[in-house]
Amino acid sequence: MAVKPVPTLIAVALTLIIWFAVPVPQGIDPGGWHLLALFVGTIAAIIGKALPLGAVSIIAVALVAITGVTVAPDAAKPANQAIKDALSSFSNPLIWLIVISIMIARGVIKTGLGERIGYYFIALFGKRTLGIAYALALSETVLAPITPSNTARGGGIIHPIMKSIATAFDSSPEKGTQGKIGRYLALVNFNSNPITSGMFITATAPNPLVVSAINDVMGTRFHMDWTTWAIAMFIPGMACILLMPLVLYLVFPPEIKETPDATRFARTFAALVDGIAVALLGKESTIRLALTTMLSEGHLLLEDAPGTGKTALARAMAAVIDGTQSRIQFTPDLLPSDITGVSIYDQKTGDWIFQAGPVFAQVVLADEVNRASPKTQSALLEVMEESQ
């Protein structure tokens, strides 16, 4: 667990400045002002990534207990009260509901279940562009109760599916063809996320704070729980989910209206994942991201320990598409021609014969690129940039 010195010093400095240098405003309790100092320092540490989020949270809770900023001056047992205040949120059932949801969400993402649900809906409704939009929106709705991070749900699960489909129809902003289908699907992806985030308590992290505020204000007259929230939001939420794709379809009409190949794409993508998963167990999420990158004509950076299946992934991807695969081991003495190829003079025929380098393959794995000279690295980067 690496500590980043500069963000750590900034967080500590902000805490000390507010605590000691800035006078307590009139009418503000000193304990509350000191609690603000700890809060600002904690937020600064999280933003600067001074430590992992869990470590920062534990340190913040410990400091609240040690300093006793929440304890009244006339408290009978200040030490006991300070610890009780610091740990009070751990007795909140909503907090544990969020924790359980996060654990389930990690499983959904890790196993690729979220993507499978998305592609299943596309296989059912994907014959038209509007059907694909409804498939994306319904996938968001199904995943929302068990994915408390709306960013992970919208950006980590649904967005790669949307991008793969848009790329399959040659629709991208880089080529100026976003109007074909990509812009419309991106808008549906974007607008589905806030709708589903409001439909369930566990759909996004801030919702439990809203529940806590409502219960504090209402007292014994009314109690908000997960079921009450879901029932209250079901009709307006589903109305928005059903109307939003249609409204966007009318306001931002895509050029491509019929998508008969989308259902075949969804089934083919699932079959490719299953084929690669036979050779690479336990890495379905990585496989799906790698396939999405390949279909998007992009490049993938893999960072992992030796022997974790990077080469096996490249070979399996080439095998399932019946393509060619090559591996380049970068070393300090590697030359640009060792990558791109070289022309050799044939004395018998008097012709120059080009010997293709390893980059002439459908799937190319470049290992330890940082070991090569800048000139050799530039040769690889030029090929990647120009898609040669």
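Thresholds, definitions, all that
- Residues numbered from 1 in each chain as written.
- Predicted model: local features only at pLDDT ≥ 70, side-chain atom pairs only at ≥ 80, totals over all residues.
- Heavy atoms only, no water.
- Helix = DSSP H or I, 4+ residues; strand = E, 2+ residues; numbered from the N terminus.
- Rg over C-alpha atoms; globule rule 2.2 N^0.38 Å.
- Buried < 20%, exposed > 50% of the residue type's maximum accessible area, 1.4 Å probe, protein only.
- Contact = heavy atoms within 4.5 Å.
- Areas by Shrake-Rupley, 256 points an atom, 1.4 Å probe, with all protein chains shown as cover.
- Lys, Arg positive; Asp, Glu negative; His and termini not counted.
- Charge placed at Lys NZ, Arg CZ, Asp CG, Glu CD.
- Axes fitted to C-alpha atoms, helices over the stretch in contact; angles between N-to-C directions.
- Parallel < 35°, antiparallel > 145°, perpendicular 65-115°, else oblique.
- Left-handed = near helix turned anticlockwise from the far one by under 90°.
- Nonpolar A, V, L, I, M, F, W, Y, C, P; charged D, E, K, R; others polar.
- Expected span 1.5 Å × (residues − 1).
- Bend = angle between axes of the 7 residues up to and from the residue.
- Patch = residues over 30% accessible without salt bridge, like charges linked within 9 Å, V, L, I, M, F, W, Y side chains within 5 Å.
- Salt bridge = Lys/Arg side-chain N within 4 Å of Asp/Glu carboxyl O.

Colleague: What is the right way to look at the overall build of the chain in this model?
Modeller: The number of helices and strands found in the chain is 16 helices and four strands. Against the globule reference of 21 Å for 388 residues, the chain gives a C-alpha radius of gyration of 27 Å, more extended than a compact globule. When the backbone C-alpha atoms are referred to their principal axes, the chain occupies close to 100 × 55 × 40 Å. A total of 388 residues make up the chain; the buried ones form 37% of that total. Nonlocal contacts in the chain, meaning residues at least 24 apart in sequence, comprise 65% of its contacts between residues at least 6 apart. Of the roughly 22100 Å² that the chain leaves accessible, carbon and sulfur atoms contribute 66%. Taking the 26 positively charged and 27 negatively charged side chains of the chain as two groups, their mean positions are separated by 5 Å.

Colleague: Could you clarify how one ought to interpret the packing of helix 12 (residues 261–279) against helix 14 (residues 310–320) in this entry?
Modeller: A pair of packed helices can be characterised by two numbers: the angle between their axes and the separation between those axes. Direction vectors running N to C along helix 12 and helix 14 enclose 140°, while the axes themselves pass 9 Å from each other. Taken together, the axes of helix 12 and helix 14 are oblique relative to one another. The hand of the helix 12/helix 14 crossing is right-handed. Of helix 14, the residues touching helix 12 (which contributes L272, G275, I276 and A279) are L313, A316, M317 and V320. Residues of the contact of helix 12 with helix 14, tallied by class, amount to seven nonpolar, one polar and no charged.

Colleague: How should I be thinking about helix 8 (residues 150–168) in this particular structure?
Modeller: Given 3.6 residues to a turn, an α-helix orients residues that are three or four positions apart in the same direction. With 19 residues, helix 8 ought to run about 27 Å at 1.5 Å a step, and its terminal C-alpha atoms sit 26 Å apart, in line with that. The sharpest bend along helix 8 reaches about 45° and sits at H159, with the proline P160 one to four residues further on. Of the residues making up helix 8, those classed as buried are R153, G154, I157, I158, P160, I161, M162, S164, I165 and A166. After helix 8 finishes, the residue D170 shows a positive phi value of roughly 55°.

Colleague: Explanation requested: the packing of helix 3 (residues 53–67) against helix 4 (residues 78–86) in the structure shown.
Modeller: Interaxial distance between helix 3 and helix 4 falls to 7 Å at its minimum, and their mutual angle equals 155°. Comparing the axis directions of helix 3 and helix 4 gives the class roughly antiparallel. Once helix 3 is placed against helix 4, the crossing between them reads as right-handed. For the pair helix 3 and helix 4, the contacting residues are V61, V64 and A65 in the first and A82, I83 and A86 in the second. Residue composition of the contact of helix 3 with helix 4, grouped by class: six nonpolar, no polar and no charged.

Colleague: Any chance you could explain helix 14 here in plain terms?
Modeller: The complete set of buried residues in helix 14 reads K310, L313, A314, A316, M317 and A318. Tucked inside the fold, the buried residues of helix 14 contact helix 12, helix 13 (284–295), strand 1 (325–329) and strand 4 (363–367). Positive phi appears at D322, one or two residues downstream of helix 14, with a value of about 55°.

Colleague: Help me understand a nonpolar patch on the surface, please; the structure alone is not making it clear to me.
Modeller: Residues L36, F39, I43, I46, I47 and L53 make up a contiguous nonpolar surface patch of about 570 Å² in total accessible area. Ranked by the residues each element gives to the nonpolar patch, the list is headed by helix 2 (residues 30–48), at five residues. Looking at the element boundaries, L53 is found in helix 3.

Colleague: Can you help me understand unusual backbone geometry in this one?
Modeller: Peptide bonds are mostly trans, and most non-glycine residues show a negative phi. Non-glycine residue D322 carries a positive phi angle of around 55°. You can see D322 is positioned in the loop between helix 14 and strand 1. Even without being glycine, E368 reaches a positive phi, approximately 55°. As for its position among the elements, E368 is in the loop between strand 4 and helix 16 (374–386).

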